[in-house]
Amino acid sequence: MDAARLESELREAGLKATRGRLGVLEVLTHHPHSDAETVFRSLFPMLPGTSIQNVHNVLGDLTAAGLLRRIEPAGSPARYERRVGDNHHHVVCTACGAVGDVDCVVGHAPCLDPSDAGGFAISTAEVTFWGLCPSCQARSERAHHDEGER
């Protein structure tokens, strides 16, 4: 994604287009579902003076401005993605922690209607599917096959 488009997105959200914000958006454009530490490690070569605290601050600002979505899979640090404005869900590998997107389960957002919303006007449903990613499935099958040969 080009820098001019990222700068425009930031300005439209009411934020200054700082090098840190541009860098975080660029990292998450290419590495969705990254946690703050991963963003920091990816950003550090481009901005050697940055700190993990600065990355957390930028992630918070971008999330509050609606430019990022924060997801929190159980047992995992918070992760961030650029895909916002829709009601998609996630699939998480129980072995390696890989995260992928899953489009809306059924129908229109919020995808699921609770039997009793307790007076709340529901706008979003968060669903996380858990299972083995293709790589971990293959690894498991190889290990199972190798055990059978012993």
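Attention in this report is confined to the structure presented alongside it. (Residues numbered from 1 in each chain as written. Predicted model: local features only at pLDDT ≥ 70, side-chain atom pairs only at ≥ 80, totals over all residues. Heavy atoms only, no water.)

Tallied over the full model, the rule gives 9 salt bridges. The partner of Glu 7 in a salt bridge is Arg 11, and the shortest N-O contact between them spans 3.6 Å. With Glu 7 and Arg 11 both in helix α1 (residues 3-12) and 4 residues apart, this pair spans about one turn of that helix. Look at Glu 7 and you get partly exposed, because its relative accessible area is 27%. (Salt bridge = Lys/Arg side-chain N within 4 Å of Asp/Glu carboxyl O. Helix = DSSP H or I, 4+ residues; strand = E, 2+ residues; numbered from the N terminus. Buried < 20%, exposed > 50% of the residue type's maximum accessible area, 1.4 Å probe, protein only.)

Looking now at helix α3 (residues 36-43). Along α3, the residues that are buried comprise Ala 36, Val 39, Phe 40 and Leu 43. Relative to the axis of α3, the buried residues are bounded by an arc of 100 degrees and lie together on one face. Buried positions along α3 lie against α2 (19-30), β1 (34-35) and α4 (52-64). (Arc of directions from axis to C-beta. Contact = heavy atoms within 4.5 Å.)

The next thing to look at is the sheet that holds strand β2 (residues 69-71). Strand order across the open sheet formed by 3 strands is β1-β3-β2, with antiparallel pairing between neighbours. In this open sheet, the two edge strands, each paired with only one partner strand, are β1 and β2. Pairing between β2 and strand β3 (residues 79-81): 3 bridges, direction antiparallel. Bridge pairing links Arg 70 to Tyr 80 in β3. (Pairing = 2+ DSSP bridges.)

This part is about the side chain of His 90. Here His 90 shows up in strand β4 (residues 89-93). Here His 88 takes part through its side chain, which lies 3.3 Å from a polar atom of the side chain of His 90. Side chain to side chain, His 90 and Asp 101 meet in a polar contact 3.3 Å long. With residues up to four places along the chain from it excluded, the contact list for His 90 reads His 33, Arg 69, Ile 71, Glu 81, Val 99, Gly 100, Asp 101, Val 102, Val 127, Thr 128 and Phe 129. (Polar contact = N/O pair within 3.5 Å; in protein donor to acceptor, adjacent residues only side chain to side chain.)

Counting 21 residues, the largest nonpolar core has Leu 10, Val 24, Leu 25, Leu 28, Leu 59, Leu 62 and Leu 68 as its most contacted members. Among the elements of the structure, α1, α2, α3 and α4 are those that each provide at least two residues to this core. Excluding its chain neighbours within four sequence positions, the residues that come into contact with Leu 68 are Leu 25, Leu 28, Leu 59, Leu 62, Thr 63, Tyr 80, Glu 81, Arg 82 and Val 84. (Core = buried A, V, L, I, M, F, W, Y, C linked by side-chain atoms within 4.5 Å.)

Time to look at the packing of aromatic side chains. A full pass over the atoms with the stated rule returns 1 aromatic pair. Between the aromatic rings of Phe 40 and Phe 44, the centroid separation amounts to 5.6 Å while the plane-to-plane angle is 55 degrees, which identifies the pairing as tilted. (Phe/Tyr/Trp six-rings, centres within 6.5 Å; stacked < 30°, edge-to-face > 60°.)

Attention now goes to the packing of α1 against α2. Axis separation between α1 and α2 bottoms out at 10 Å; the angle between their running directions is 115 degrees. When the interaxial angle is binned, α1 and α2 end up roughly perpendicular. Taken as a pair, α1 and α2 cross one another with a handedness that is right-handed. Where α1 approaches α2, its residues Ala 3, Leu 6, Glu 7 and Leu 10 are matched on the opposing element by Arg 21, Leu 22, Leu 25 and Glu 26. In the contact of α1 with α2, the residues fall into 5 nonpolar, no polar and 3 charged. (Axes fitted to C-alpha atoms, helices over the stretch in contact; angles between N-to-C directions. Parallel < 35°, antiparallel > 145°, perpendicular 65-115°, else oblique. Left-handed = near helix turned anticlockwise from the far one by under 90°. Nonpolar A, V, L, I, M, F, W, Y, C, P; charged D, E, K, R; others polar.)

Structural measurements only, silent on function.
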